[in-house]
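Letter by letter, the chains look like this.
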Amino acid sequence: MKHLIEPTDLTKEEIEEIVDLGLDIIANREKYSEACKGKKLATLFYEPSTRTRLSFTSAMMELGGNVLGFSDAQNSSVSKGETCADTTKVINCFADIIAMRHFEEGAALVSALNSRIPVINAGDGSHAHPTQTLTDLLTIKREIGRFDNITIGFCGDLKFGRTVHSLIKALSRYSGVKIVLIAPDQLRLPDYMKKEVCDLTGMEYKEVSTLEEVMPELDVLYMTRVQKERFFDEDEFDRVKDCFILDSEKLKTAKPEMRILHPLPRVNEITVDVDADPRAAYFRQVENGKFVRMALILKLLEWAKDNEKTNTLIPANTVRNKYRCRNPRCISNMEVNVDTLFRPAADHPEEMRCVYCESKPVKC
Ligand code: CP
């Protein structure tokens, strides 16, 4: 059985299999209308969502399956103190597959470690959002036609932006990909992403301070919202919230075939006049999310029957219960009965990284 917690839980070939299945579903919708007859998807959403939850729901309905779950954990026994692990064990009695969104980093991993059915991470705090990555990849495939040899600009909140982290990890497996990081100092891409992903894979990257200076070289511009809910300090949020705003004027120097992606929701970082530009692909991207989630559900249910399809949730060199994570939003600091898990950093084996959220341990 396979879970999807991080984009790297899927091989490059498996990702392409899912994207290709998504394309086949788009071309042959009727063929898949009963593909999940009798199957149930549980959507466990501890954090607000419009696109991810409803696209999972719509995806399962289009496959002829059923959906159960909650969109507000406070209306479930979570409000009485039930842990993520126990909730997962309970849902295993009712469903065939789980899609979970949680504000705690590492929650989907804890769920997978306690599950006999596939768990899909539908976003865990600022850590990862692999089904958005599949959505982005299907969109890039349909709009640009390739994953190799593209220059992609990531703009906005690159620190807390889980969609950015997940897409960079997925693209780091392709050749000729260049990434341009456009963010204020406070919201730059975390060091572990630069060192453990970009440097180790040789993916070219540069950091710039304006959209204008790089616009002409981009094949894809990936805009993101500055996420108020990730800030501990409201003044800090106010200082950066309007840092990058894309409007039609700024697009004048962009290539005619460039595409603008955004995981959405947007606040003010793309002005509405841009929506009419054919390069604005973000609402087409939303629809791709449904098709690629249909493909993912089908593949994970198929792989659940295949003993050879597994993923290593905890690396072999993991140290258990020796260090404590310094990230206050890590599930190991938020819930009881969660072992702390640390593995050596890929770039510096003498440094440890939390298996749930990739943060460093508290200094001893
Ligand atoms: N892109 C995305 O995750 O949107 P939602 O928060 O609405 O699910």
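Residues numbered from 1 in each chain as written. Predicted model: local features only at pLDDT ≥ 70, side-chain atom pairs only at ≥ 80, totals over all residues.

Engineer: Help me understand the nonpolar core in this model?
Structural biologist: Nonpolar side chains in soluble globular proteins generally cluster together in the buried interior. In terms of nonpolar packing, the biggest core is built from 98 residues, with I98, F154, Y222, L296 and I297 touching the most fellow members. With nine residues, helix α9 (residues 282–303) is the single largest residue contributor to this core. Among residues more than four places away in sequence, those in contact with I297 are C36, L41, A59, M60, L63 and I97. (Core = buried A, V, L, I, M, F, W, Y, C linked by C-beta atoms within 7 Å. Buried ≥ 20, exposed ≤ 12 C-beta atoms within 10 Å, placed from the backbone. Helix = DSSP H or I, 4+ residues; strand = E, 2+ residues; numbered from the N terminus. Contact = placed C-beta atoms within 7 Å.)

Engineer: Teacher, can you tell me more about the pairing of strand β7 (residues 204–208) here?
Structural biologist: Working note: regular strand, side chains alternate between the two faces of the sheet. With five bridges joining them, strand β6 (residues 178–182) and β7 adopt parallel strand pairing. Within β7, the position partnered with I179 by the bridge is Y205. Remark: the β6/helix α7 (residues 191–201)/β7 crossover connection has right-handed handedness. (Pairing = 2+ DSSP bridges. Right-handed = clockwise from strand over helix to strand, strands pointing away.)

Engineer: What should I look at first to understand the site of the ligand in this one?
Structural biologist: Around the ligand sit S49, T50, R51, T52, G123, Q132, P263, L264 and P265, and that is every residue in its neighbourhood. Class assignment of the residues belonging to the shell around the ligand gives a composition of three nonpolar, five polar and one charged. Three or more residues apiece are contributed to the shell around the ligand by two domains, here domain 1 (7–129 + 287–303) and domain 2 (136–282). (Near = placed C-beta within 6 Å. Nonpolar A, V, L, I, M, F, W, Y, C, P; charged D, E, K, R; others polar. Domains from an automatic or database assignment.)

Engineer: How should the sheet that holds strand β8 (residues 220–223) be read in this particular structure?
Structural biologist: Hydrogen bonding along the main chain pairs the strands of a sheet, whether they run parallel or antiparallel. Reading across the sheet, the five strands line up as β7-β6-β5-β8-β9 and stay open at both edges, with parallel pairing between neighbours. In this open sheet, the two edge strands, each paired with only one partner strand, are β7 and β9 (259–261). Neighbour to neighbour, the strand axes of the sheet diverge by 20° on average, direction disregarded. (Axes fitted to C-alpha atoms, helices over the stretch in contact; angles between N-to-C directions.)

Engineer: Sorry if this is basic, but what is going on with the packing of helix α5 (residues 130–143) against α9 here?
Structural biologist: Angle between the axes and distance between the axes: these two values describe a pair of packed helices. At a minimum axis distance of 8 Å, the contact between α5 and α9 shows a crossing angle of 115°. Taken as axis vectors, α5 and α9 run roughly perpendicular relative to one another. As α5 runs across α9, the sense of the crossing is right-handed. Touching T131, L134, T135, D136, L138, T139 and R142 of α5 are R284, Q285, N288, G289, F291, V292, R293 and L296, all from α9. Split by residue class, the contact of α5 with α9 holds five nonpolar, six polar and four charged. (Parallel < 35°, antiparallel > 145°, perpendicular 65-115°, else oblique. Left-handed = near helix turned anticlockwise from the far one by under 90°.)

Distances and angles like these do not, on their own, reveal function.
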